[in-house]
Amino acid sequence: MGRSLRTERQALDAEELALVEKTHHPALAELDAPELAQLVRLVRERRDRARDIAARQRREMRGKAAAKGAAPAADNTGTRRKRDLLAAALKRLNAETARRKALAARDAMRDSATRALELRRKRDAQAARRPMSRPAGEGMRPLDSAKTRARNRAKLGEVSQHTKNMQAKRDSR
């Protein structure tokens, strides 16, 4: 569920609000890579701090931890809301980072494919100009080996024919 800008203004202080406003479009799209990385780092630090404070307040409410201030925390809904808003901002930043990374990968793949196509066309053009090493139509010439000439040609298929006969005999049973 989306959160309104009014909710963000109520839960965050001025500095955090300035950071979170940069995570909304169109401001997010206008950030360059170093600014985006810096913003991710800052929002993550703020989110972690809010998460730790909310956890400490929860422990104080349950009586598991000593009070940080004069009295133990009675409620941590504000801190949890701040944590949730900062987590949502961080999620938007991570999605933008992933989107940019995928776009860069797609561009790199396109450049690589274009380069490969150019190389292939260049190779094919060179192959078309290359003279043939053998004239066409000659093909391979079979050579009779000494073993083949020494055998009785009438008995060359004897073993395979025997196998065929035995298989036919078994199949007829």
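This text follows the structure it describes.
About the criteria used
- Residues numbered from 1 in each chain as written.
- Predicted model: local features only at pLDDT ≥ 70, side-chain atom pairs only at ≥ 80, totals over all residues.
- Heavy atoms only, no water.
- Helix = DSSP H or I, 4+ residues; strand = E, 2+ residues; numbered from the N terminus.
- Contact = heavy atoms within 4.5 Å.
- Areas by Shrake-Rupley, 256 points an atom, 1.4 Å probe, with all protein chains shown as cover.
- Axes fitted to C-alpha atoms, helices over the stretch in contact; angles between N-to-C directions.
- Parallel < 35°, antiparallel > 145°, perpendicular 65-115°, else oblique.
- Left-handed = near helix turned anticlockwise from the far one by under 90°.
- Buried < 20%, exposed > 50% of the residue type's maximum accessible area, 1.4 Å probe, protein only.
- Patch = residues over 30% accessible without salt bridge, like charges linked within 9 Å, V, L, I, M, F, W, Y side chains within 5 Å.
- Salt bridge = Lys/Arg side-chain N within 4 Å of Asp/Glu carboxyl O.
- Lys, Arg positive; Asp, Glu negative; His and termini not counted.
- Charge placed at Lys NZ, Arg CZ, Asp CG, Glu CD.
- Arc of directions from axis to C-beta.

### Considering the overall build of the protein
- Looking only at helices and strands, one finds seven helices and zero strands in the protein.
- Starting at the N terminus, the α and β elements of the protein follow one another as α-α-α-α-α-α-α.
- Across the protein, contacts joining residues at least 24 apart in sequence account for 66% of those joining residues at least 6 apart.
- With the model as given, the accessible surface of the protein reaches about 13,900 Å², and the carbon-plus-sulfur share is 53%.

### Digging into the packing of helix 2 (residues 14–21) against helix 4 (residues 33–62)
- Viewed as axis vectors pointing N to C, helix 2 and helix 4 meet at an angle of 135°, and their least axial separation amounts to 10 Å. Here helix 2 is positioned oblique relative to helix 4, judged by the angle of their axes. Helix 4 is crossed by helix 2, and the crossing has left-handed handedness. Here helix 2 contributes Glu15, Glu16 and Leu19 to the contact with helix 4, which in turn contributes Leu39, Leu42, Val43 and Arg46.

### Some points on unusual backbone geometry
- In this model, His25 is joined to Pro26 through a cis peptide bond whose omega is 5°.
- Within the element layout of this structure, Pro26 appears in the loop between helix 2 and helix 3 (27–30).

### Points about the side chain of Glu16
- Positionally, Glu16 belongs in helix 2.
- Taking relative accessible area as the criterion, Glu16 reaches 2% and is therefore assigned buried.
- In contact with Glu16, not counting residues within four places along its chain, are Arg46, Lys82 and Leu86.

### A closer look at a positive patch on the surface
- Together, Arg58, Arg59, Arg62, Lys64 and Arg80 give the surface a local cluster of positive charge.
- It is helix 4 that provides the largest number of residues to the positive patch, a total of three residues.
- Among the secondary structure elements, Lys64 is positioned in the loop between helix 4 and helix 5 (77–129).

### Some thoughts on helix 2
- Among the residues making up helix 2, those that are buried are Glu16, Leu17, Leu19 and Val20. For helix 2, the arc enclosing every buried residue in end-on projection is 160°, short of the 170-degree limit, so these residues lie on one face. More than 90 degrees from the buried face of helix 2, the exposed residues found are Ala14 and Glu15.
- The secondary structure elements touched by the buried residues of helix 2 are helix 1 (5–11), helix 4 and helix 5.

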